[in-house]
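# Residue-level structural notes
Below, each chain spelled out in residue letters.
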Amino acid sequence: MERKHIGALALVLFVLLFKVNIFTVIADQDEDIPHNEVRNWALKFGVDLWEFGRQFTKMNEIKNRFKDNDIEVKRKDGIILLRELAAEVKNFMDFKRNAVMRIMDSAEQAALSELDSQNSHSTSATTNNQHYDARRINEYNSDGKLADGARHMDIRFMRRFERLPVNLSLSSILVPNGISLDEADVKSALQWSVHLDPLFQNNLERDPALSWQYFGSSTGFLRRFPGTAWPPEGSKGSKQIHDFRAQNWFVQAASSPKDIMILLDSSSSMSDKSFELAMATAFNILDTLGENDFVNLITFAEDVKTPVPCFKDRIVRATPDNVQEIKSAVKAIKLQDTANFTAGLEYAFSLLHKYNQSGEGSQCNQAIMLITESTSETHSDIIKQYNWPHMPVRIFTYLIGSDSSSRSNLHEMACSNKGFFVQINDMDDAKKKVIDYALVMARPMIMYQADHPVHWSPVFVAGKTGGLARDSDYQRRLVTTVSAPVFDGRNHSVRVANLLGVVGTDVPIEEIRKMIPQHKLGPNGYSFIVDNNGRVLYHPDLRPLSDGNQYIDQLRPRYTSVDLTELELPETEVGNEHEIVEMNKNLLYDMRNDMLMPKEGETEFTVFNHFDDMKRVTARTQRYFYGPIEDTPFTLAVVLPEKYGSHELVSQQEIRHSRRNVTEFFKGDNWRVNPDWVYCEYNSVSDLEKERESSGEYLSASREQELSFGSPEEQVLHFLGRAGRPGWKWMSVRPKSPQPHHAMHGATPVAHFAQHLNNVQGSRKAEPYFCDRTLVQSLVRDAMVTDGLDRNSTGPSNGKEDKHPIATLMAILKRQGYQKFLVATSFVATRSGLLRWIDHIKRPEDSPEPHFSEDNARAMDMPWYKRAVDQHTVEQDSFVYSVPFATGFAPKLNTTLVTASHAIFVEHRGHKAIAAVVGLQFQLDSLAKHFINITSTCTGMTGCRRTCASDDLDCYVLDNNGFVIISEQSEQSGKFFGQIDGTIMDSLVQDRIYKRVTVNDYQGVCSDSDNPYTAASTSLQPHRISAWLMKHFVTLGATWLAMLPTPLRAWPQDDYTYNEDVFEEPTYTDEYEPFEDYNAQIDEEMDEFFTTADVENTTPPPKQHKPHTGPRASPDPQHARRCDLRTDLYMLQPERLNQGGQNNPLKGKLTNCHVSGCERPFSVQKIPHSNLILLVVDTLCPCGSKQLDIEPLEESGTIGACSARRQTQESAKRRRPKKCINYHPEEIEIQQCGRATALLQMPLSIVMAHLLMLAVTFALTNA
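A quick note: this is a predicted structure, and the numbers were derived from the prediction, not measured.

It is worth spelling out the pairing of strand β6 (residues 222–225) at this point. Side chains Leu222 and Arg224 project from β6 onto one buried face, and the interleaved Arg223 and Phe225 project onto a second face that is buried too. Pairing between strand β4 (residues 172–174) and β6: three bridges, direction antiparallel. Paired with Leu174 across the two strands is Leu222, which belongs to β6. One ladder, built from four bridges, connects strand β5 (residues 213–217) with β6; its direction is antiparallel. Paired with Gly216 across the bridge in β6 is Leu222.

Following this line, the structure appears as structure tokens:
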């Protein structure tokens, strides 16, 4: 009976199983897409890749080797770290500032001593032999002899000085166009400033990290140390440099902050030629202004007009963007009607008064710059009404041309209002004479002879970097300049207040960043510095606009001005809760305000971080720690990722206790260290020379070449060798700067120079080298852990071969994996900056592609490193895969490589920290073949109707940003999937598989030809030669009659009284109040003078911008402008594909996409252990497919300064400089207030005409 029951039960089970199989087959056949197979394909593909990568990279062995040593996972205290780094930066900046103050003090003393040399009848003939004209250094004839007038200088190539040949004992003289070294005042300044050379040299000995030092004379020449020829070797520039006196480091050091109103005559009485000259004058004035200044330009004819509509009734900060906006608008001006000087002056005075009374603007100097070709009166009534008796507004007048009556009127206006008169006859005058206003504004500061404000310029792109990296020959470095004014303390026969010049030194940003070691911040951690205006000194996302080599060719910097809020992009997606969106934005602005106060603090919010030229994006929550850098206008911020940035791995190898020579762990040429990190370095070349001489090392450098290491690796090996010797000392503390240098004018003894030269206490030269002990010993430990990974061993770290069957099986799988995926390179990059790699395929010697190590030595900065660390928080046991963008490949000629990377975290006492990132590169076609093999077969026992080999299914492997890794059409690899099938991509977004993220790029570059003013208005009419000639001859006679010398008188003092007893030096608050309403009407005082029609816009409102379509081409640097770009990027939402722990495919379907009513199903499956998804799409239904693009486009709508974003930014908080020196009661005694144009300064045509008229007059007189 039991057998019968068992048989019956077996029969029932058989029937049930048979029915289930039938139903399963029928169900699968009814399905459009085999979803279960999709899941199985993804699972097998992901597991295969994970096991292959895990074994090939030996990640477990590396992790175990770290654990076998003494390790600690230490918590970082962000505030303590911030204070430590801020102190290092302050110490570094103190050295630079003190060097500048020593030069300043010595320059003033040297100028005083020049009087003694003059009294001793020393001739100026020796002056020519005391300086080295950079244009004539080492200039030889074809016969090899020194050319006439040239001088020989021993020079040597130095990395620190932009890789130029220099002389470390002498300075050289650089001269702008139009400056003659034969003028008396130039000769005098050349003679006394030559005494600065010993101090330049001494400064460099004190602080070998100093860059260029210079003295810019107000007479027009630049003395630069160390000496070098100009133009530099390889430069296409001329022998003249750009006039440095108009540059930020000079003008801003020479004068306090200022509010400037430029009045530009646009009446029809101006000829086209004169207006072009007037525009050039206005533009050159604008170019002298800086971030602490405020400005606006109005044109006046019958009416007063504001060229930039949104600048109406305002003065705005003189940022490069605002200045460029004004220039673009002015170029569209049309000349018309007659000039209404009264209306223009009333408007300017009223606006300046409004800002002065409201506490807005600079709250310091105020001035009106009047530019015209002619005026029939001095406008004394309106000036007395607004500006007398206290003259709060200076008036500077610029006469275009040579109208004699206008000359006297404009001269009177300037002299009566503490200003200066200038006559502009040509473009050279427009360039070199505008600087006179800054010299006048410097008078109160000079007369007090007390404060020498130190100025830090915005950053600019300078010459070549001085690093040892292999790409340093091509990279240019960012630089800021610290400068201070030099006053004339000499007694003159008349009352003067002369600015002798400005001294300064360049400070490379790469040197500042050395004070903030990246290894202390960790992966995806970073730092940045902002100034008192919220502008960034450096930031990892700062991308300066190209200068078109104008610095290299002309020594003309192009300053960069980017606000912090343009770089930190808070997560503000519409899909999030509104409160979270607003909270992120508010937290960013709150942090910015705190940094400008400045005060110490910390905050946390989520931001978007982009990679790969803004093609990828990720959202990361970050912790910000910020605080002031004392005695500077700067604030430092340290940023740490919230999920993994608060812990660090501490694992070091004490070199002296190592049983082996540690250099044995650095054998071969398959390793690199980060070329930007400081492991150890000598403080100067002389220290290196002394060490190599004492150790008997061969000095490979020639006399013309700097003795240096050939690579960062050679430098590391050198110091590791030294560290193993007896008597080695870790010099891990940088020398401390002495107390700030204060010039005690009048109290400094004559032995001033000797005091400076002999006092070397507190110099950076106290020790011959610096070594970061923590970093070096971490590097040695990492080298020990990663040593020998290229050997064919899969056993434990004790070096014994493991005979375990599983280990043997894994070794076999590894060999099969190599053969299956054709690995080109495997690598490991550690927390100490060490990069090791193994080449598994011999690289062709003639390969045009750079080797892996050439592009990835800065491993921690590479996207594969950053993304691997972020991926660890998403899925710990996974790799990040990527291919080059839009590369595609031909199966026979494939060289495209897939890069896979994985982050190794080490755990200790419940906390984890990053130790290294491992990875490999293998051929894409081999990966594609493996994928096709898997997806072309059915994994179930019953078979399946369709696979990826079927014609009616398309299969894709996409990464977490929507880029195609694998496609049946090989040319689609590397493309954004939305460009292939935007309809499906849209559906993936709607199903929350991908999240669409709008990313704004506020550092975009667009063509200047697209600016709204030139597009909205016609350009200036061409110059009418006949009209100009007529006017020229009409005015020639009057000009000639005015040639007789006329005494220059000061403004009338009988109408002006001043009580010195009630004078009080003003005090100022440390911060700017934000503008409450930028669209507010002018105040009641201004309404008294103007109707609505009086003040109007010159140009039509800026055009509504239409986005450009298609790929964007970078414009030429000469025609480039900043613009706001916008793009939509995509982020995978992995939690959507793994809901409830179930790793099942998501089924989608496109409906109503074709007239036939057919549907287009698709299936999405997460590929485990990766950042990838498998997408299978049915192709039977011919749905139309749109295209999505990730190409950045310029923001639509109003662009430029009048955009809503720029208007909001204009009202952002600022902090004023601490010093404002704009008044001295005795300034009215100075009689110099204008430059008359001498006959020899006139253009040749005018000179010839005058000579002809003199000859005619003489002939008629004697007839």
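Now for the sheet that holds strand β25 (residues 671–673). Pairing is antiparallel across the open sheet formed by six strands, whose spatial order is β25-β29-β28-β32-β31-β30. Whereas interior strands pair on both sides, the edge strands pair on one side only; in this sheet they are β25 and β30 (880–882). The average undirected angle you get between the axes of adjacent strands in this sheet is 20 degrees. Bridge count between strand β31 (residues 897–908) and strand β32 (residues 911–923): twelve bridges; the pairing is antiparallel. Of the residues in β32, the one forming a bridge with Ile904 is Ala916. Across the sheet, helix α27 (residues 863–872) lies against β28 (823–830), β30, β31 and β32, angled at about 50 degrees from β31, the strand it touches most.

The next point concerns helix α28 (residues 924–935). Here α28 contains twelve residues, and its C-alpha end-to-end distance of 16 Å stays within 8% of the 16 Å for a straight helix at 1.5 Å per residue. Most of α28 is tucked away, with nine of its twelve residues classed as buried. Within the sequence span of α28, burial applies to Leu924, Asp925, Ser926, Leu927, Ala928, His930, Phe931, Ile934 and Thr935.

Attention now moves to the pairing of strand β29 (residues 834–839). Look at any regular strand and the pattern is simple: side chains alternate between the two faces of the sheet. Inspection of the sheet shows β25 paired to β29 by three bridges, in the antiparallel sense. For Trp671, the partnering residue across the bridge sits in β29 and is Arg836. Pairing geometry for β28 and β29, over five bridges, is antiparallel. Looking at β29, one finds that Phe827 is bridged to Trp837.

Quick look at the packing of helix α2 (residues 35–57) against α28 now. Interhelical geometry of α2 versus α28 gives an angle of 145 degrees and a closest axis separation of 9 Å. The two elements α2 and α28 cross, and the hand of that crossing is right-handed. Between α2 and α28, the residues in contact are Trp41, Lys44, Phe45, Asp48 and Leu49 and Leu927, His930, Phe931, Ile934 and Thr935, respectively. Each residue belonging to the contact of α2 with α28 can be placed in one class, and the counts come to six nonpolar, two polar and two charged.

Cut-offs and rules
- Residues numbered from 1 in each chain as written.
- Predicted model: local features only at pLDDT ≥ 70, side-chain atom pairs only at ≥ 80, totals over all residues.
- Heavy atoms only, no water.
- Buried < 20%, exposed > 50% of the residue type's maximum accessible area, 1.4 Å probe, protein only.
- Helix = DSSP H or I, 4+ residues; strand = E, 2+ residues; numbered from the N terminus.
- Pairing = 2+ DSSP bridges.
- Axes fitted to C-alpha atoms, helices over the stretch in contact; angles between N-to-C directions.
- Contact = heavy atoms within 4.5 Å.
- Expected span 1.5 Å × (residues − 1).
- Left-handed = near helix turned anticlockwise from the far one by under 90°.
- Nonpolar A, V, L, I, M, F, W, Y, C, P; charged D, E, K, R; others polar.

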